[in-house]
Amino acid sequence: MNKKDIRKINDKELADFLLSVGEKTFRVKQINEWLWKKGIRDFDSMKNLPKKLIDEMKSKFSFEALKVGEVLKSTDGTVKFSFITIDKKITEGVLIPSGTRRTACISSQVGCPLACSFCATGQSGFERNLSFTEIFDEVSILQEYSIANDGTSLSNIVIMGMGEPMLNLEETIKMIDIVTSPNYWGMSPKRITLSTAGIIKGIYKLADLNMGVELAVSLHCAIQDQRLELMPAAFANPLGQLSDALKYYNKKTDQRITIEYVLLKNVNDKIEHAMALAQFCKSFPVKVNIIEYNAFSGLGFEKSTKDSLFKFEEFLSSKNIVVNVRKSRGEDIMAACGQLAAKNKKFNA
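What counts as what
Residues numbered from 1 in each chain as written. Predicted model: local features only at pLDDT ≥ 70, side-chain atom pairs only at ≥ 80, totals over all residues. Heavy atoms only, no water. Helix = DSSP H or I, 4+ residues; strand = E, 2+ residues; numbered from the N terminus. Buried < 20%, exposed > 50% of the residue type's maximum accessible area, 1.4 Å probe, protein only. Polar contact = N/O pair within 3.5 Å; in protein donor to acceptor, adjacent residues only side chain to side chain. Contact = heavy atoms within 4.5 Å. Phe/Tyr/Trp six-rings, centres within 6.5 Å; stacked < 30°, edge-to-face > 60°.

A. Expanded view of unusual backbone geometry. Residues other than glycine seldom take positive phi values, yet Asn 210 does so here, at roughly 45°. Among the secondary structure elements, Asn 210 is positioned in the loop between helix H7 (200–209) and strand E11 (214–218). The class of Asn 210 is partly exposed, set by a relative accessible area of 41%. Its identity as a non-glycine residue notwithstanding, Asn 266 has a phi of 60°, on the positive side. Tracing the backbone shows Asn 266 in the loop between strand E12 (257–263) and helix H10 (271–280). Judged by its relative accessible area of 54%, Asn 266 falls in the exposed class.

B. Structural context of the side chain of Gln 255. By the element assignment, Gln 255 lies in the loop between helix H9 (239–253) and E12. When its relative accessible area of 12% is taken as the criterion, Gln 255 is described as buried. Only 3.4 Å separates the side chain of Gln 255 from the side chain of Tyr 249, close enough to count as a polar contact. Once residues within four sequence positions are removed from consideration, Gln 255 is found in contact with Gly 212, Val 213, Glu 214, Tyr 249 and Asn 250.

C. View of the packing of aromatic side chains. Applying the stated rule across the entire model yields twelve aromatic pairs. Ring centres of Phe 81 and Phe 83 lie 5.9 Å apart, and the angle between their planes is 10°; this geometry places the pair in the stacked category. Taking relative accessible area as the criterion, Phe 81 reaches 2% and is therefore assigned buried. Note on Phe 83: relative accessible area 0%, which makes it buried. Between Phe 280 and Phe 284 the ring centres are 5.7 Å apart and the planes differ by 80°, which places this aromatic pair in the edge-to-face class. Owing to a relative accessible area of 9%, Phe 280 belongs among the buried residues under this scheme. By the ring-pair criterion, three or more aromatic residues cluster together here, those being Trp 36, Phe 132, Phe 136 and Trp 185.

Function-wise, these values are silent; they only describe arrangement.
As structure tokens, then:
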């Protein structure tokens with residue numbers, strides 16, 4: 001008989017278990033604090049519990065936590081982690097230091113099903129969704145590393161790693177609920193950004209939940225036929241319907257939407273593309289993050305020239321659009337946007 005993961009039972013199940021082994025139910029709170037506030041990943045770390053109770057939990061439940069495979073540090077301070085799941089799958093997360101900020105870029109899936117043509121992650125294939133406990137472990141591990149190395153806690157979480165979080169929204173939301181709970185981490189939802197390639201159903205659902213998290217949309221082209229060539233998911237999520245969904249999101253949440261736009265040489269970096277993007281952005285308050293392309297061998301795309309980037313940015317600014325050019329971080333360790341591919345499958349749990 002397979003044991004149930006201790007972190008996937010509810011409080012009633014946990015209380016019933018405690019009573020069945022002669023323990024008091026006040027220990028539900030103690031155990032939850034170990035699991036979610038302190039983020040431990042094994043039974044023996046629950047230091048204030050009796051050994052007999054720990055042994056009882058081991059016999060009854062499993063603890064399906066992520067393990068760390070490889071840790072790579074970039075020359076710019078960015079740190080990439082390979083995470084190993086209980087079933088030997090590999091996913092990746094990145095810790096990005098910037099001044100006093102420490103941002104955890106985490107994954108929601110093992111691989112990605114969207115197959116965007118310019119993205120290494122999209123070309124690596126899709127294996128499965130991550131559970132909320134695995135997504136939480138990513139955050140917790142990066143938090144531990146950040147505190148251990150420079151005494152600084154995470155300031156932000158961006159769900160922009162491997163996978164499409166809108167296709168694993170239920171588990172992603174469970175993780176967000178934990179880290180924003182005042183009983184556990186108490187992080188402000190405004191410090192969490194969920195990034196999507198424009199999955200319309202997910203945007204409507206997130207709007208109705210009105211959780212307060214930031215929404216980023218990876219657009220990359222505002223001309224439907226050309227966007228479809230870059231992003232096959234655009235077929236089921238066309239620009240017109242995506243625009244309607246973003247209007248709805250803004251109306252429900254009163255939040256500005258971030259548009260992410262990777263600039264690709266001679267593909268989506270002309271003035272005609274800037275004009276189409278400016279038109280798309282008219283319908284709701286936005287800021288646009290222009291991302292310099294991070295090359296990956298074999299995909300056939302190149303970074304736009306500095307001149308093209310300047311003209312693209314200048315045009316958007318002339319239309320009173322807030323524009324930021326995001327500098328690549330961790331490119332030397334394949335940790336930059338679009339480079340996560342979890343090729344290091346040599347690690348074992």
